[in-house]
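# Residue-level structural notes
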Amino acid sequence: TEACLERIQATEPTVDALLSLQAEQALETAAALDRQGPDPAKALWGVPMAVKDALCTKGVPTTCASKILENFTPFYDATSVERLKAHGAVILGKANMDEFAMGSSTENSAFKPTRNPWNPFKVPGGSSGGSGATVAARQCFAALGTDTGGSIRLPASFCGVTGIKPTYGRVSRYGLVAYGSSLDQIGPLARTPLDCAIVLQAMAGHDPKDSTCAPRPVPDFAAETKARKDLAGLRIGMPEEYWGEGLTPEVRKACDDAMDAARSLGATLVPVKLPHTRYAIATYYIVAMAEASSNLARFDGVRYGYRHPGAKDLKDLYELSRSHGFGEEVQRRIVLGTYVLSAGYYDAYYRKAAQVRRLIRQDFLDAFAHCDVIAGPTSPFTAFGLGEKTGDPLQMYLADIFTISLNLSGLPGLSLPVGLGEDSALPVGLQLFGKAWEEGTILGAANALY
Ligand code: GLN
């Protein structure tokens, strides 16, 4: 813990990964663990970690990187955080993010952008950019992120670390500030697939406080991950939509090399099709914005969070608090989400998107009839420049092209570092998608490739 705090002191001025640091609390927790002595039943005994600021932490501010929650301090821990603590984790601080997890670069944080530890002029990806950067900068050994449309996998890819989005329902969302409730999942970012497996295992499993959290037994992910030393007998699906045009040459090269390595480890590569991929961005942004507009209705300046001091009446209070408390991207999404849900437009937009979502999921189920895992690049490009896409929301949305279908389908997927791009010298990530509840299969395959 002391070494991590030193590392934070040294790197934070350039990286800006954290929104708050709980150094004293962390040292106290670590000292208490020292007094008790190592406990083999606690898989994360003494492991310093960070938590995305979208997850409630007892007695510690939880802002979602938004002015509207600037002064919000929860009186309870999210289930995921509570379980990490029960396993002996030491929580160092809260990681920066795009406001309410809306974004792909962490530039939508109301407080500050985070910089990519590999190159301070580049973004770390988003929305869990602080979580990716804190691990990549070696400030801690793992961080929790959330993934609604790629927010764990994109920063993992841009920062050169491993990150997994579990199957929808694997990890309790209790205590996570909701963005798109049918898409959100919590997952770890860490250096290696094995580290991710250990953290995931510690927090996964049924929670009566989240009705969408599945009452399924949690397999021994760490054992499954370690057991896989080669890829003998594994059929890896290669979707043509993910390996076609649009990849930068350096991303293609690094991912091709990784697939050559997979073949030499014994895997068979099978061509598969995910034909509805071209509708994924449109479908995702309708579903996510609709859910966001509904979830964010609770921030009204009355119950908690920012309240504008100058309101004349109740309507004025809502209007002033929300227009001063929410940033530009969040307001854009509330407006668009309200529009697609409104009477007269619901059938044309939201209902249609829900139908296409079903087709996107069916693509995966059909593809998995021919393979065990599916592989593709996490992003068509490596980390882009700070400010490069902030002027054009659509360009920013397009960064999610390879990650969002998975959330619409509810399936698990991870991003694994597969080297540096030849032109940019920045990390390239490869995604592995799995069948529902088969996180162990993709973690094992990633371990063999790592
Ligand atoms: N970039 C996507 C969005 O802005 C995904 C974000 C996420 O996964 N939280 O909605």
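Definitions and limits used
Residues numbered from 1 in each chain as written. Predicted model: local features only at pLDDT ≥ 70, side-chain atom pairs only at ≥ 80, totals over all residues. UniProt positions renumbered as here; feature names shortened; annotations may be inferred. Helix = DSSP H or I, 4+ residues; strand = E, 2+ residues; numbered from the N terminus. Rg over C-alpha atoms; globule rule 2.2 N^0.38 Å. Buried ≥ 20, exposed ≤ 12 C-beta atoms within 10 Å, placed from the backbone. Near = placed C-beta within 6 Å. Nonpolar A, V, L, I, M, F, W, Y, C, P; charged D, E, K, R; others polar. Expected span 1.5 Å × (residues − 1). Contact = placed C-beta atoms within 7 Å. Pairing = 2+ DSSP bridges. pLDDT = per-residue confidence, 0-100. Arc of directions from axis to C-beta. Axes fitted to C-alpha atoms, helices over the stretch in contact; angles between N-to-C directions. Core = buried A, V, L, I, M, F, W, Y, C linked by C-beta atoms within 7 Å. Parallel < 35°, antiparallel > 145°, perpendicular 65-115°, else oblique. Left-handed = near helix turned anticlockwise from the far one by under 90°.

The name an unreviewed UniProt entry assigns to the protein chain is Glutamyl-tRNA(Gln) amidotransferase subunit A, from the organism Fundidesulfovibrio magnetotacticus. Recorded under Subunit (unreviewed entry), the UniProt text for the protein chain is reproduced unchanged: "Heterotrimer of A, B and C subunits." If you open the UniProt record of the protein chain and go to Function (unreviewed entry), you find "Allows the formation of correctly charged Gln-tRNA(Gln) through the transamidation of misacylated Glu-tRNA(Gln) in organisms which lack glutaminyl-tRNA synthetase. The reaction takes place in the presence of glutamine and ATP through an activated gamma-phospho-Glu-tRNA(Gln)."

Scanning the protein chain from terminus to terminus reveals 15 helices and 11 strands. Here the protein chain has a C-alpha radius of gyration of 21 Å; the compact-globule value for 450 residues is 22 Å, and the two agree. Each principal axis of the C-alpha distribution contributes one length, and for the protein chain these read about 70 × 65 × 45 Å. Within the protein chain, the fraction of its 450 residues that count as buried is 56%.

To continue, consider the site of the ligand. Taken together, 13 residues lie around the ligand, and Ala101, Ser104, Thr148, Gly149 and Ser151 are the ones closest in. The residue inventory of the shell around the ligand, partitioned by class, reads four nonpolar, seven polar and two charged.

Below, the discussion takes up helix α12 (residues 347-367). Relative to the 30 Å expected for 21 residues at 1.5 Å per residue, α12 spans 29 Å between its end C-alpha atoms, a close match to the ideal helical length. On the buried face of α12, the contacting elements are β7 (235-239), β8 (268-272), α9 (280-295), α11 (328-341), β9 (373-377) and α14 (404-409).

Most of β9 sits inside the fold, with five of its five residues counted as buried. Of the strand pairs in this sheet, β7 and β9 are connected by two bridges, and their pairing is parallel. Bridging across to β9, Gly237 finds its partner in Ile374. Bridge analysis of β9 against strand β11 (residues 427-434) gives five bridges, and the strand direction is antiparallel. Across the sheet, residue Val373 finds its bridge partner in β11, namely Gly434.

Annotation from UniProt places "active site" (unreviewed entry) at Lys52, Ser127 and Ser151. Look at the named residues: they lie 100 residues apart in sequence, but the longest C-alpha span between them is just 10.9 Å, so in the fold they bunch up. Counting through the fold element by element, Ser127 comes out in the loop between β3 (90-95) and α4 (129-136). For Ser127, a count of 34 C-beta atoms within 10 Å gives the class buried. Residues within four places of Ser127 in sequence aside, it is in contact with Met97, Asp98, Ala101, Met102, Gly103, Thr106 and Ser151. Tracing the chain through its elements places Ser151 in the loop between β4 (142-147) and α5 (153-159). The exposure class assigned to Ser151 is buried, which follows from the 36 C-beta atoms found within 10 Å. Ignoring any residue separated from it by four or fewer positions in sequence, one finds Ser151 in contact with Ala101, Gly126, Ser127, Ser128, Gly145 and Thr146.

With respect to the helices and strands, the residue Pro120 is situated in the loop between β3 and α4. Spatially, the C-alpha atom of Pro120 lies 29 Å from that of Tyr285, the residues being 165 residues apart in sequence. Once residues within four sequence positions are removed from consideration, Pro120 is found in contact with Thr14 and Arg115.

In the predicted model, the protein chain carries a mean pLDDT of 97, and the fraction of residues at 70 or more is 100%. In the predicted complex, the global pTM is 0.98; the interface-specific ipTM is 0.97.

Helical geometry note: an α-helix holds 3.6 residues per turn, so side chains three or four residues apart project in the same direction. Between the first and last C-alpha of helix α10 (residues 314-325) there are 16 Å, a value that for 12 residues agrees with the 16 Å anticipated at 1.5 Å per step. Residues of α10 that are buried include every one of Ser321, Arg322 and Gly325, and no others. Buried residues of α10, seen end-on, are gathered within an arc of 90° and therefore sit on one face of the element. Of the residues in α10, the exposed ones pointing more than 90 degrees away from the buried face are Lys315 and Ser323.

Looking now at the sheet that holds strand β5 (residues 162-165). Reading across the sheet, the 11 strands line up as β1-β3-β2-β4-β6-β5-β10-β11-β9-β7-β8 and stay open at both edges, with mixed pairing between neighbours. If you trace the sheet from one side to the other, it starts and ends with β1 (18-21) and β8, each paired once. Taking each pair of neighbouring strands and ignoring which way they run, the sheet shows an average axis angle of 30°. Here β7 pairs with β8 via five bridges, running parallel. Bridging across to β8, Met238 finds its partner in Pro271. Here helix α8 (residues 249-264) sits on the sheet and contacts β7, β8, β9, β10 (413-420) and β11; the angle it forms with β11, its principal contact strand, is near 50°.

Soluble, globular proteins show a tendency: their nonpolar side chains are buried together. Core analysis: the biggest nonpolar cluster contains 133 residues, and Met49, Ala142, Ala143, Val373 and Leu432 have the highest contact counts within it. Broken down by element, the residue count for this core peaks at nine residues, all from α9. Once residues within four sequence positions are removed from consideration, Ala142 is found in contact with Val47, Met49, Val135, Pro188, Leu189, Ala190, Asp195 and Val199.

The contact between α9 and α12 brings their axes to 9 Å, and the two run at 125°. Considering their axes alone, α9 and α12 lie oblique with respect to each other. Regarding α9 and α12, the two cross each other, and that crossing is left-handed. Contacts between α9 and α12 involve Ala280, Thr283, Ile286, Val287 and Ala290 from the former and Tyr349, Tyr350, Ala353, Val356, Arg357 and Ile360 from the latter. For the contact of α9 with α12, the per-class residue count stands at nine nonpolar, one polar and one charged.

Turning our attention to the pairing of strand β2 (residues 48-52). The buried count for β2 comes to five of five residues, which makes it a mostly enclosed element. In the sheet, β2 pairs with β3 via five bridges, with the strands oriented parallel. When the bridges of β3 are listed, Ala50 appears paired with Gly93. Of the strand pairs in this sheet, β2 and β4 are connected by three bridges, and their pairing is parallel. Bridge pairing links Val51 to Leu144 in β4.

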